[in-house]
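Now for the letters of each chain:
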Amino acid sequence: MKGILVGVAVGYVLGAKAGRERYDQIVRLWHRFIENPTVRKTAAQAKDKAFEAAVQAKDLAADAAEKAAEKAPWRHQDEANGRVVTPPRL
């Protein structure tokens, strides 16, 4: 937290010294950058890849949870004794 505050303070001081003209120049450059068709295409591709990775991670997590549940000790007790055993609460 202390590092963030120092970073904000440094940014404020440097920004104040640069003045409004420099700020406007940076804003114009930023808008020109984000409106570039190549940048937009690359950002869209990155978004799609991130979504695909999130879906894969969700599926892997669900599979891992299912496998862990199958290996749970109460599961084996349930099968061995033929009775319903509820899992312990954490």
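All values reported here derive from a predicted model rather than from experimental measurement.

Conventions used here
- Residues numbered from 1 in each chain as written.
- Predicted model: local features only at pLDDT ≥ 70, side-chain atom pairs only at ≥ 80, totals over all residues.
- Heavy atoms only, no water.
- pLDDT = per-residue confidence, 0-100.
- Helix = DSSP H or I, 4+ residues; strand = E, 2+ residues; numbered from the N terminus.
- Expected span 1.5 Å × (residues − 1).
- Polar contact = N/O pair within 3.5 Å; in protein donor to acceptor, adjacent residues only side chain to side chain.
- Phe/Tyr/Trp six-rings, centres within 6.5 Å; stacked < 30°, edge-to-face > 60°.
- Salt bridge = Lys/Arg side-chain N within 4 Å of Asp/Glu carboxyl O.
- Buried < 20%, exposed > 50% of the residue type's maximum accessible area, 1.4 Å probe, protein only.
- Contact = heavy atoms within 4.5 Å.
- Patch = residues over 30% accessible without salt bridge, like charges linked within 9 Å, V, L, I, M, F, W, Y side chains within 5 Å.
- Areas by Shrake-Rupley, 256 points an atom, 1.4 Å probe, with all protein chains shown as cover.

To continue, consider the confidence of the model for the protein chain. When the pLDDT values of the protein chain are averaged, the result is 80; 78% of them are 70 or greater. Mean pLDDT values for the elements of the protein chain range from 56 in helix H3 (residues 73–81) up to 93 in helix H2 (residues 37–70).

All right, on to H2 then. Look at H2: 50 Å from first C-alpha to last across 34 residues, which is about the 50 Å you get at 1.5 Å a residue. The backbone nitrogen of Thr 38 has a side-chain oxygen 2.8 Å away, supplied by the residue at the start of H2, namely Asn 36.

Under the counting rule described, the total for this entry stands at one aromatic pair. Taken together, a centroid distance of 5.6 Å and an interplanar angle of 35° make the contact between Trp 30 and Phe 33 tilted. Of this pair, Trp 30 and Phe 33 are both found in helix H1 (residues 2–34), three residues apart, which corresponds to roughly one turn of the helix.

Counting across every chain of the model gives one salt bridge. Lys 58 serves as the salt-bridge partner of Asp 59, at 3.4 Å between the closest nitrogen and oxygen. Classification of Lys 58 as exposed rests on a relative accessible area of 54%.

Here the focus is the environment of Val 39. Looking at the element boundaries, Val 39 is found in helix H2. Overall, the relative accessible area of 23% leaves Val 39 in the partly exposed class. Not counting residues up to four positions away in its chain, the partners in contact with Val 39 are Phe 33 and Ile 34.

Another point: a nonpolar patch on the surface. On the surface, Met 1, Ile 4, Leu 5 and Val 8 cluster together into a nonpolar patch covering about 480 Å² of accessible area. Residue Val 8 is classed as exposed on the basis of its relative accessible area of 54%.

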